[in-house]
Amino acid sequence: MKIRYSMIGGGPGSFIGAVHRRAAWLDGGFELVGGAFSSNSSQSKSTGEELGLSAERVHGSFEAMLEAEVRLSGEERIQAVSIVTPNHVHAAPAIRALEMGFHVIIDKPLALSLDEAREIEKLVKKTGRVLALTHTYAGYPMVKEARHLVKSGKLGKIRKIFVEYPQGWLSTFLESEGNRQAGWRTDPARSGAGGSVGDIGTHAAHLAEYVSGLRITEICAELNTVVNGRQLDDDAAALLHFEEGASGVLIATQVAAGEENAVKIRVYGELGGLEWIHSNPNSLLFKPLDGPAQIYRAGTGYLHESTSANTRLPAGHPEGYIEAFANIYTGFSRAIQDYEKGNYQGPESYDFPSLEEGIRGMAFIETMIASSKSDKKWTKFSI
Ligand SMILES: NC(=O)c1ccc[n+]([C@@H]2O[C@H](COP(=O)([O-])OP(=O)(O)OC[C@H]3O[C@@H](n4cnc5c(N)ncnc54)[C@H](O)[C@@H]3O)[C@@H](O)[C@H]2O)c1
């Protein structure tokens, strides 16, 4: 049975909503039945029409949409919502949806602030509903293989973690030119206290913790606003301390002119290192201390079962961004199916980012900002 869901955000001219819709569709686990695609009613309706949805399931506000859904019969009403709005419209719809008994999949960062994220946490704990957070890079099969290699001890005790996310698209004062995505991302009221540190720094921090299996414990950060007139940071870097004595470096910048989404992670242990680059996502480089480097490839027979379970095609047929989102959606659908049978054991059993990662992301933003402003620099990071 497909899970019926509606979308909040993802209207005309938006970015990530359409990616979520394609990802949710890909493995056949979901059926989009309604939405509040925009806070502008006619724009929301026009997206609903384009998607072939019945007009009475499409609304100009998430409140009206949720109220209408909850009045439908159990066989008809949605089971989940997908929240793909700017950060200032994350907490309110998530909390309302959870209160009404719906499961939630939401894009990162979890909320506008750590305080808001804690409000979501209360509702997840109170209702026991499933919440998934789309930290996309954790959905890539070769990132899962990297995590497995670290966990299996192949790299030995982890010593260094380098993670970087350079982009170039905010190299100019784009928000002054009416660019929608730049507009809200550089506005503290809609983005939160972090600019680049929230938008892409949270992805980098999540990737580092996901692959290494180690949590960041202390941060020494520098945030810069490079472009004149911009209200938030557009360039962030930090030295990191992790559990078990590992250390690392994180870079998240949106003013690396000419870069696209050049995510890269390198992890080094006592016995060797690994390297994954987003522009070549189906390869994983393993570099042992005493031997030639090896390239692990997605879709081959020698990978860990969790890697293979997140791959759809034989080796050499590229999979990418939408498939990485789809892997998160598929985990979310399995969790909901189990919930309905009374067997939901919590997000850890399904390997998708969830509430705890969302709370850590918000604490990461706040710790980066606090460290950058403080004289002593090294700042404890915990949730
Ligand atoms: N995981 C990823 O890789 C990734 C990539 C891009 C964006 N994101 C996240 O996704 C979210 C959306 O980003 P985007 O780039 O798609 O933004 P966007 O500006 O392109 O789209 C936002 C959409 O939300 C709608 N919206 C705004 N307020 C609304 C409201 N009150 N009710 C209903 N709809 C409303 C807008 O009309 C628009 O359609 C952000 O939180 C962002 O951080 C994540």
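A quick note: this is a predicted structure, and the numbers were derived from the prediction, not measured.

## Describing the nonpolar core
Reasoning step 1: Core analysis: the biggest nonpolar cluster contains 80 residues, and I120, V211 and M368 have the highest contact counts within it.
Reasoning step 2: Lining this core are residues from two domains, each supplying at least three of them: domain 1 (3–137 + 326–353) and domain 2 (138–311 + 361–373).
Reasoning step 3: Ignoring any residue separated from it by four or fewer positions in sequence, one finds M368 in contact with V197, I219, A221, L223, A236, A237, A238 and L250.
Reasoning step 4: Core analysis: the next-biggest nonpolar cluster, separate from the first, contains 27 residues, Y5, A80, V130 and Y329 among them.

## Overview of the domain arrangement of the protein chain
Reasoning step 1: Annotation of the protein chain at the domain level lists domain 1 (3–137 + 326–353) and domain 2 (138–311 + 361–373).
Reasoning step 2: Relative placement of domain 1 and domain 2: their C-alpha centres are 25 Å apart.
Reasoning step 3: Interface of domain 1 and domain 2: buried area, both sides summed, is about 2200 Å²; carbon and sulfur atoms make up 54% of it.
Reasoning step 4: The largest share of the area that domain 1 buries against domain 2 comes from H135, Y137 and N327, three residues that together contribute 37% of it.
Reasoning step 5: Between domain 1 and domain 2 we count 19 residue pairs in polar contact (both at pLDDT 80 or more) in total.
Reasoning step 6: For the side of domain 1 that touches domain 2, the secondary structure elements donating two or more residues are α5 (114–127) and α11 (321–340).
Reasoning step 7: Residue classes in the side of domain 1 that touches domain 2 are distributed as twelve nonpolar, nine polar and two charged.

## Let's talk about the site of the ligand
Reasoning step 1: The ligand sits among 29 residues. The nearest are G11, I16, N87, K108 and Q181.
Reasoning step 2: One of the backbone N or O atoms of F37 is found 3.5 Å from an oxygen atom in the ligand.
Reasoning step 3: Here T136 contributes a side-chain N or O atom positioned 2.9 Å from a nitrogen atom of the ligand.
Reasoning step 4: Contact with the protein chains removes 92% of the 850 Å² of surface that the ligand exposes when unbound.
Reasoning step 5: Secondary-structure elements contributing two or more residues to the shell around the ligand are α7 (180–185), α9 (196–212) and α11.
Reasoning step 6: Looking at the shell around the ligand residue by residue, the classes come out as eleven nonpolar, 13 polar and five charged.

## Side note on the pairing of strand β4 (residues 103–106)
Both faces of the sheet carry side chains from a regular strand, because those side chains alternate between them.
Reasoning step 1: Here β4 shows two buried faces, one formed by H103 and I105 and the other by V104 and I106.
Reasoning step 2: Where strand β3 (residues 80–84) lies against β4, four bridges are found, and the strand directions are parallel. Among the inter-strand pairings, V81 is bridged to a residue of β4, identified as V104.
Reasoning step 3: With three bridges joining them, β4 and strand β5 (residues 131–133) adopt parallel strand pairing. Within β5, the position partnered with I106 by the bridge is L133.

## Overview of the pairing of strand β10 (residues 264–269)
Reasoning step 1: Judged by which residues are buried, β10 turns out to be one-sided: I265, V267 and G269 face inward and are buried, whereas K264, R266 and Y268, on the alternate face, are not.
Reasoning step 2: Judged from the six bridges that link them, strand β6 (residues 158–166) and β10 form a sheet pairing that is antiparallel. The residue bridging K160 from the neighbouring strand is Y268, located in β10.
Reasoning step 3: Note: β10 against strand β11 (residues 272–277), five bridges, orientation antiparallel. Within β11, the residue paired with K264 across the bridge is I277.
Reasoning step 4: Count of turn residues in the β10/β11 antiparallel hairpin: two residues.

Procedures and definitions
- Here the residue numbers are simple positions, counted from 1 along each chain's written sequence.
- Only residues with pLDDT of 70 or above have their local features reported here, since the model is predicted, and side-chain atom pairs are shown and tallied only from 80 upward, although totals for entire chains, interfaces and linings are computed over all residues.
- As a rule here, side-chain values cover all heavy atoms of the structure and leave hydrogens and water aside.
- Nonpolar cores were defined as sets of buried Ala, Val, Leu, Ile, Met, Phe, Trp, Tyr and Cys residues, with membership established by side-chain atoms within 4.5 Å.
- Each residue gets one of three labels from its accessible area relative to the maximum for its type: buried under 20%, exposed over 50%, partly exposed in between, using a 1.4 Å probe on protein chains only.
- Domain delimitation in this document rests on an assignment produced automatically or drawn from a domain database.
- Here a residue-residue contact requires only that any non-hydrogen atoms of the pair lie within 4.5 Å.
- Summed over both partners, buried area is the accessible surface (1.4 Å probe) that two parts give up on being assembled.
- N or O atoms closer than or at 3.5 Å make up a polar contact, with two conditions inside protein: a donor-capable atom paired with an acceptor-capable one, and, for residues adjacent in sequence, both atoms drawn from side chains.
- Numbering of helices and strands starts at the N terminus; helices are DSSP runs of H or I of at least 4 residues and strands are runs of E of at least 2.
- The classification used treats Ala, Val, Leu, Ile, Met, Phe, Trp, Tyr, Cys and Pro as nonpolar, Asp, Glu, Lys and Arg as charged, and all other residues, Gly among them, as polar.
- Here a residue is near a molecule or strand as soon as one of its heavy atoms is found within 4 Å of it.
- The method behind every accessible area is Shrake-Rupley, applied with a 1.4 Å probe, and residues are considered shielded solely by the protein chains displayed.
- Two strands are said to pair when DSSP picks up at least two bridges between them.

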